[in-house]
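Below are the chains, spelled out letter by letter.
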Amino acid sequence: AEVHEVKDHSAEALAEQWPESRALLGTHLALYQVHSATLETGVLRDRAVLEFLARLRTEQGVLVGITTTGPRQADTLRVAMDAEVDGFAPFACVQATWNVLEPSVGPALAEAHDAGWGVIVKEGVANGLLTDREHDPDILQRRAPLDRLAEEQGVGVDAIALAIASARPWADVVLSGAATVDQLRSNLRALDARTAASALDVEAMSLTAVDYWRRRSMLRWT
C-alpha cells in the first residue's frame, strides 16, 4: 500500500469506531486507547473527542488511554495527563515505546505511573534491533553490554532487552511482540534475567530520540 496507516482522530471517526469495537469485543473491552496520539493531530485538545472519551469512563466503565509514537512521546504524554473535561481527566493509561535505544520517554512514564496511570511498554526489542537478527555495526556496538549479558545468562539478547524494560519501576506491562512460538519462548526468558539486566546502564546505549525514530521510519513494513 502507498499509505500503510491512515490516522483519523476526529470525533466522527470515534463515534463510528466505538460501537464497532463494542460489538466485536462486548464486555471483554476493558481498555480503549487512542492509537498513535500525537500533538500534531490535535486529538488531545479536541473537546468533542475528550467529552466522548470521558463518557466511556464514567458511563461505560472503560479505561481510556493513549499510545504514543515519535521523538516527542514525552510531550504528548504530558499534554494527555493535563487533559480534562469539566474537571474530569478522561485518560488514565499510556502505551509508549521504550527500549535501551530509545529511553527518552522514561521520566514522563514515571510521572504518569506516580499519578496513578497504567503504563504499558511497547517495542521493547526496538522492532528487531535488539534481537539476534540485527547486524548493523553501530547498533551492535551500542548494545554490546546486552549481548555480553545474554551470553552469560544463556538467553537471547531479546530476553535481556525485555528484562531491562520490565525492571523499570514504572512499567506495569511489557508487550512481547512475538510473532512465532520460538520468539515467544525466547522473550519469556526475560523472567529469568530480570535481576541481572536491571544493573545495566541504559543511557550509555541509547540513541537520540530523533535518530532512533529516523531509523525506525526506514524499516520495512511486514
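Presented here is a report on the structure given in the accompanying data block.

What counts as what
Residues numbered from 1 in each chain as written. Predicted model: local features only at pLDDT ≥ 70, side-chain atom pairs only at ≥ 80, totals over all residues. Heavy atoms only, no water. Helix = DSSP H or I, 4+ residues; strand = E, 2+ residues; numbered from the N terminus. Contact = heavy atoms within 4.5 Å. Salt bridge = Lys/Arg side-chain N within 4 Å of Asp/Glu carboxyl O. Buried < 20%, exposed > 50% of the residue type's maximum accessible area, 1.4 Å probe, protein only.

On to unusual backbone geometry, then. For Asp86, which is not glycine, the phi torsion reads 50° and is therefore positive. The topology assignment puts Asp86 in the loop between α3 (73–82) and β3 (93–97). Phi at Asn127 takes a positive value of approximately 55°, unusual for a residue other than glycine. Looking at where Asn127 falls in the secondary structure, it is placed in the loop between β4 (118–122) and α5 (137–142).

Positionally, Ser36 belongs in strand β1 (residues 31–37). Other than its neighbours up to four places away in sequence, Ser36 contacts Glu5, Lys7, His9, Thr67 and Thr69.

Moving on, we get to the pattern of salt bridges. Taken as a whole and judged by the stated rule, the model has 15 salt bridges. For Arg72, the salt bridge identified is with Glu40, shortest N-O distance 3.9 Å. Here Glu40 lies in the loop between β1 and α2 (47–59) and Arg72 lies in the loop between β2 (63–68) and α3, a separation of 32 residues in the sequence. Here Glu40 falls in the exposed class, since its relative accessible area comes to 61%. The partner of Arg189 in a salt bridge is Asp192, with the nearest N and O atoms 2.8 Å apart. Three or more residues joined by partner-sharing salt bridges are found here, namely Asp136, Asp138, Arg142, Asp211, Arg214 and Arg215.

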